[in-house]
Amino acid sequence: MTDSPQKPSMGAALSGIRIVEQGTFITGPCAGMMLADLGADVIKVESKDGDPYRTYQGGHYSPHFQAYNRNKRSVALDLKSPDERAMFESLIREADVFIQNFRPGTAARLGAGPDRLLELNPRLVYCSISGFGSSGPYVERPSYDSVAQALSGFLSVVVDSERPRFLGPALADAITGIYAAYGVLGALVKRGRTGQGGLVEVSMLEAMAHFAVEPFAAFFALGATPGSSDRPRLAQAYILRTADERLIAIHLSSLEKFWEGLITALDAQELARDARFSTRLKRIANYEALNEELAKRFAQFELAHLAKHLGDNDVPFAPINTIDEVVDDPQVAHLGLIVPVDSPHGAKQAVRPAVQFSGDRSNSVRAAPLLDEHGALIRAALAGNPGWPAF
């Protein structure tokens, strides 16, 4: 009888993969964090002043910086210095991946462009993240999260044109970073077959347009330009206010059983008899009218009452939780989604990586590094035995 194989640990998924990240703000750091969360050894190379996101909300260790830079080491190098450029190039020779999100042309001026680094290390996967791509009529423009959301069409399908407001989180930045990590993983698989590295490019415009793939597919198939109300109407999704001033979301989808469950949960047979709502297609056509009818009924009951009756009748629903409520949610607790941060400074808890491997998941994260926190050890390692510094 043979021993059963051990489950791979969360930290071992990318164990042995060495990454140099020269990222600032969100897109590059997010890509590095995604890979670090899977166990890659990420060394964040910063300027002497550090990633500007460090000072985004006072001090030099903002919560915004902490969010995208956990599980990394930091070294501050001046690439204009011959000695420190030599250290940087020693790291590149031993690295598997390099990530940068400078404006096009900046990396080359720093001596960190793809031609130079791939010459140093032909097995390197070089990931370049930009706003609009490496060429074209917009290449000189600065790009930030809101710009990419707007240009890609994403905002047009999520924002009410009558009351236009940006969504809260920096979606385009984070989504672009996730797409970059996805590209890096694909390039690493390809390198495993060919032995060759190469250039991976992703722009915020391309990432957000692809993220909005469903509205584009609808436009190409139907010839009509989607709007922000299309998806909620088709999905029969509603946000409703309860008697105790809570917000609750329901999603009826295309299955008739969810409509029937809602009618039972609300004890509202008059809605089932209403000709305007007798079929899903009629409910889609009369979305606003049904929203008004549901709003009147939901306003009569407190959240706890609605949650019980919707749950008992298998209606897809959830309260719109605030962040503090998510932290205390029983399903979140069951999943172990909030984990401790292994650090004497900064936040003491974080949201763990979302991925599990054979049921194994991260049970802690390492805090984002202080500026040059690991600089002395990394410099000493490079000076004594040029190569990748041991952790």
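Just so it is clear, the model here is predicted, and its values are computed rather than measured.

Q: Tell me about the sheet that holds strand β11 (residues 349-351), residues and numbers included.
A: In space, the three strands of this open sheet follow the order β11-β10-β12, with mixed pairing throughout. Strands at the two margins of the open sheet, each flanked by one partner only, are β11 and β12 (365-366). Of the pairings in the sheet, the one linking strand β10 (residues 338-342) to β12 comprises two bridges and is parallel in character. Counterpart to Val341 in the pairing with β12 is Val365.

Q: Could you give an account of the nonpolar core, naming the residues involved and the relevant values?
A: In this structure, Ile19, Leu35, Val97 and Ile99 are the most contacted members of the largest nonpolar core, which totals 29 residues. Counting only elements with at least two residues in this core, the list comes to α1 (27-37), β4 (97-100), β5 (125-130), α7 (171-194), β6 (198-203) and α8 (204-211). Setting aside residues no more than four positions away along its own chain, Ile99 makes contact with Ile19, Val20, Glu21, Gln22, Gly23, Gly28, Ala31, Gly32, Leu35, Cys127 and Ile129.

Q: Summarise α1; cite the residues concerned and give the values.
A: Helical geometry note: an α-helix holds 3.6 residues per turn, so side chains three or four residues apart project in the same direction. The element α1 is extensively covered by neighbouring structure, given that 10 of its 11 residues are classed as buried. Within the sequence span of α1, burial applies to Thr27, Gly28, Pro29, Cys30, Ala31, Gly32, Met33, Leu35, Ala36 and Asp37. One or two residues past the end of α1 sits Gly39, with phi positive at roughly 105°.

Q: I'd love a proper account of the packing of α7 against α8, names of residues and values included.
A: Angle between the axes and distance between the axes are the two parameters that describe a pair of packed helices. Contact pair α7 / α8: the axes reach a minimum separation of 9 Å and the direction vectors enclose 95°. As the angle between them shows, α7 and α8 are arranged roughly perpendicular. Contact residues: Leu171, Ala172, Asp173, Ile175, Thr176 and Tyr179 in α7; Met204, Ala207, Met208, His210 and Phe211 in α8. The residue makeup of the contact of α7 with α8, split by class, is eight nonpolar, two polar and one charged.

Q: Report on the pairing of β10, specifying residues and quantitative values.
A: For β10 and β11, the ladder comprises three bridges, and the chain directions are antiparallel. Across the sheet, Val339 pairs through a bridge with Ala350, a residue of β11. Linking β10 back to β11 in an antiparallel pair, the connection comprises six residues, with Gly346 at a positive phi of about 80°.

Q: Explain the sheet that holds strand β3 (residues 72-76) to me, and be specific about the residues and the numbers.
A: Judged by pairing direction, the sheet is parallel, and its six strands sit side by side in the order β3-β2-β1-β4-β5-β6 without closing on themselves. At either margin of the open sheet sits one strand with a lone partner, and together these are β3 and β6. Ignoring which end each strand starts from, the neighbouring axes of this sheet average 20° apart. Relative to β4, strand β1 (residues 18-22) runs parallel, the two being bridged by four bridges. Its bridge partner being in β4, Ile19 is matched across the sheet by Val97.

Conventions and cut-offs
- Residues numbered from 1 in each chain as written.
- Predicted model: local features only at pLDDT ≥ 70, side-chain atom pairs only at ≥ 80, totals over all residues.
- Heavy atoms only, no water.
- Pairing = 2+ DSSP bridges.
- Helix = DSSP H or I, 4+ residues; strand = E, 2+ residues; numbered from the N terminus.
- Core = buried A, V, L, I, M, F, W, Y, C linked by side-chain atoms within 4.5 Å.
- Buried < 20%, exposed > 50% of the residue type's maximum accessible area, 1.4 Å probe, protein only.
- Contact = heavy atoms within 4.5 Å.
- Axes fitted to C-alpha atoms, helices over the stretch in contact; angles between N-to-C directions.
- Parallel < 35°, antiparallel > 145°, perpendicular 65-115°, else oblique.
- Nonpolar A, V, L, I, M, F, W, Y, C, P; charged D, E, K, R; others polar.

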